[in-house]
Every structure is written in C-alpha cells, then in structure tokens.
Amino acid sequence: MNKQRLDEMADNPNLVPGIYNYCDRWCERCTHGARCLTFQMEQAEAGQLPPEAHDVNNAAFWQRIGASFALAREMIEEFLKREGLTLTAEDLAATAAQERLDHARVKKHPCCRAAHAYIGLVAAWFGADDDAWLAKAHELEQVAELRMPGRAPRQEFAELRDAVEVIRFYQYFLYPKIARALGGRLDGDEFGDADGSAKIALIAMDRSLGAWSRLLAQFPEREELTLPLLVHLEKLRRAVEHVFPKARAFLRPGLDEPAA
Ligand code: SF4
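Residues numbered from 1 in each chain as written. Predicted model: local features only at pLDDT ≥ 70, side-chain atom pairs only at ≥ 80, totals over all residues. Heavy atoms only, no water.

K.L.:
Before we move on, could you go through the side chain of Arg252 and cite the residues and values that matter?
P.N.:
Positionally, Arg252 belongs in the segment after helix H10 (223-243). At 2.8 Å, the side chain of Arg252 forms a polar contact with the side chain of Asp256. If we skip the residues at most four places from it in the chain, Arg252 touches Tyr22, Cys23, Lys199, Ile200, Ile203 and Glu257. (Helix = DSSP H or I, 4+ residues; strand = E, 2+ residues; numbered from the N terminus. Polar contact = N/O pair within 3.5 Å; in protein donor to acceptor, adjacent residues only side chain to side chain. Contact = heavy atoms within 4.5 Å.)

If you want it as structure tokens, here you go:
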C-alpha cells in the first residue's frame, strides 16, 4: 500500500484513532473492524496479495514487510519535516542504547519472567503425553450416540474448542504486552500507554483463566497439571494489577468508550 492510499483510508470519519493500540489483535473475533484502520488496511491488502506473501519462507513475504517499513519510514520523515525536527545518527544510537538497557531491565522484572514461564507451562500442558484428548473425543461420541439426557455433546465440543483457542491465542500474547507496559513505565508513560497495555494483558489473563477453568472441569484427571498453571496465571494477574493499579480503569479508545 502506498502513502496516498493510506491517507485516503485514514480520512474515513468512522475510524477510531488508536483503537488498535490496546486491542488483542484477534481480528477474526473483533466486532470493531469497520472502525479500525489496521483492519481496513489488512483487508484492502489481502485482496491484492498473492498467497505466498503470507508465507514466512517466501521472498514475497519479506518484500511485503520491506514495503511496510518503507511506508513507515516515509511517514516518520514527513512528520519530522512538518514538525521541523531532525534526527541525527547520534540521536538514533543513543535511543537504541537506551532501548537495549530498558529491555534488559524489563526482561528481569518478575511479571515478565512469570509471563515467559507461562508460555512453557502451556506448551507442557498441551504436550503432555497422555490420552486425555482421545478419551474426551470418545466420551463425546458416546454421549451423542446414546443421546444421553442432560448432555449436549456439540455444545460441549464447541466450548472445549473455544477454551483451547483462547488459551493458545493468548499464550504468546501476555509476555510482549506486559513487557510493553513495563517499558512504558520506564519511559515515564506520559500518555498512559503502559496502563493501556497492562489492561489488555489483564483482559487476556481474565479470558485465559476462564478457559482454563473450563478445561479443568472437562479434564478432572489432569487436575495436577492444570491447578498449578491456574495458580501461576492468577498470581501473574494479581502482580500486574499491583504494578499497574490504574490499568483496569484505563479507557481504551473505541473499545471501552462509545465512539465519538
Ligand atoms: S481493533 Fe479489532 S479489528 Fe482492529 S486490530 Fe484490533 S482486533 Fe483487529
């Protein structure tokens, strides 16, 4: 996409500026696509891109990424010119050095460590070498065949699938969001970005905890694996709430407040 096309799309009065900053990027489940420039851009590009542009092992994918960076650079340069600002090589080097320092500090924070550990815990839960999934599938098949009263196998299956999708979607989401929130705090968080990032991390944890509770109910024989995971995530949620006490009250544009 070129800048002119982007400017035309951004002129849409129905868009909510910054709505994509504090969402979970689960666009397939989002009802705000019509008000989101990121979604509109992706939709516009999707129709023009060949399938190989989505394949990380294909040159077309990296050409697309390169084009996005070139567009971003063009916009930054235009902004600097408009504001009468210049960026020297020394500015960039100093910023990069500071970023490295901040990142190293953020990585050591207990919340980041816990979010990172959570990724492995989830992988271990799904990688556990037992027949729980086969047994569950067999059980639902039998429930359906026997038309057992009080059971709704299709609904149970749908709920199970949803719980797995939720957990898997947020498995890798928490760490970068918590890291961004902590990094924003180090930067002084002038615009409340840290609270916004912490809020979407908290929402992701709320949903993940709900999904884990459903898995716990469906797989009682896995309680020994599931309970420690639930406790780990609950502790992380409380820690993030403690570090960012205003995060829950943060109003995310377009998501927590009515559109203007
Ligand atoms: S606001 Fe919704 S449509 Fe836009 S990027 Fe976020 S999840 Fe996707």
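K.L.:
Which residues make up the layout of surface pockets, and what values do they have?
P.N.:
Here the largest pocket is characterised by a volume of approximately 670 Å³. Along its surface, the largest pocket is lined by 24 residues, and Thr38, Met41, Glu42, Glu45 and Ser68 are the ones closest to its centre. For the lining of the largest pocket, the elements supplying multiple residues, two or more each, are helix H2 (37-46) and helix H3 (59-83). For the lining of the largest pocket, the class distribution of residues is 14 nonpolar, five polar and five charged. In this structure, the second largest pocket encloses a volume near 370 Å³. Along its surface, the second largest pocket is lined by 22 residues, and Cys23, Asp24, Trp26, Cys30 and Leu255 are the ones closest to its centre. Elements supplying a minimum of two residues to the lining of the second largest pocket: H2, helix H7 (153-171) and helix H9 (193-218). Here the residues of the lining of the second largest pocket are counted per class, giving 12 nonpolar, four polar and six charged. Residue assignment places the lining of the second largest pocket across two domains, with domain 1 (3-95) and domain 2 (103-249) each supplying three or more. (1 Å grid on protein atoms, 1.4 Å probe; cavity = no way out; pocket = protein on both sides within 12 Å on 5 of 7 lines; lining within 4 Å. Points joined across faces, edges and corners; volume = space filled by probe spheres on them. Nonpolar A, V, L, I, M, F, W, Y, C, P; charged D, E, K, R; others polar. Domains from an automatic or database assignment.)

K.L.:
Report on the packing of helix H5 (residues 110-127) against H7, specifying residues and quantitative values.
P.N.:
For the pair H5 and H7, the least separation of the axes is 10 Å and the interaxial angle reads 145°. Judged by the sense of rotation from one axis to the other, the crossing of H5 with H7 is left-handed. Note on element contacts: H7 touches H5 through Val164, Ile167, Arg168 and Gln171, opposite Tyr118, Ile119, Val122, Ala123 and Phe126. (Axes fitted to C-alpha atoms, helices over the stretch in contact; angles between N-to-C directions. Left-handed = near helix turned anticlockwise from the far one by under 90°.)

K.L.:
Go over the packing of aromatic side chains, please, and point to the residues and values.
P.N.:
Ring pairs (aromatic) are described by centroid distance and by the angle formed between their planes. For the structure on display, the rule yields 13 aromatic pairs. Relative to Tyr170, the ring of Trp26 has its centre 5.8 Å away and its plane inclined at 85°; by these criteria the two rings are edge-to-face. One end of the pair, Trp26, is in the loop between helix H1 (3-10) and H2; the other, Tyr170, is in helix H7, and 144 residues separate them in sequence. On the accessibility criterion, Trp26 (10% relative accessible area) is buried. What makes Tyr170 buried here is its relative accessible area of 1%. Relative to Trp212, the ring of Trp125 lies with its centre 5.2 Å away and its plane at 75°, an arrangement referred to as edge-to-face. With a gap of 87 residues between them, Trp125 in helix H5 and Trp212 in helix H9 connect regions that are remote in the sequence. Residue Trp212 is classed as buried on the basis of its relative accessible area, which comes to 0%. (Phe/Tyr/Trp six-rings, centres within 6.5 Å; stacked < 30°, edge-to-face > 60°. Buried < 20%, exposed > 50% of the residue type's maximum accessible area, 1.4 Å probe, protein only.)

K.L.:
Before we move on, could you go through the domain arrangement of the protein and cite the residues and values that matter?
P.N.:
The domain boundaries assigned to the protein delineate domain 1 (3-95) and domain 2 (103-249). In this structure, domain 1 and domain 2 have C-alpha centres spaced 29 Å apart. Summed over both partners, the interface of domain 1 with domain 2 buries about 810 Å², with 53% contributed by carbon and sulfur atoms. Looking at the side of domain 1 facing domain 2, the largest losses of area belong to Tyr22, Asp24 and Trp26, adding up to 69% of the total buried there. The salt bridge involving Arg207 is made with Asp24; its shortest N-O contact spans 3.1 Å. (Buried area = accessible area lost by both parts, 1.4 Å probe. Salt bridge = Lys/Arg side-chain N within 4 Å of Asp/Glu carboxyl O.)

K.L.:
Outline H1, listing residues and values.
P.N.:
Burial in H1 covers these residues: Lys3, Leu6 and Met9. All buried residues of H1 lie within an arc of 120° about the axis, which places them on one face of the element. Summarising the contacts, the buried residues of H1 are in contact with H2 and H3. For H1, the N-terminal cap is Asn2; the gap from its side-chain oxygen to the backbone nitrogen of Gln4 is 3.3 Å. (Arc of directions from axis to C-beta.)

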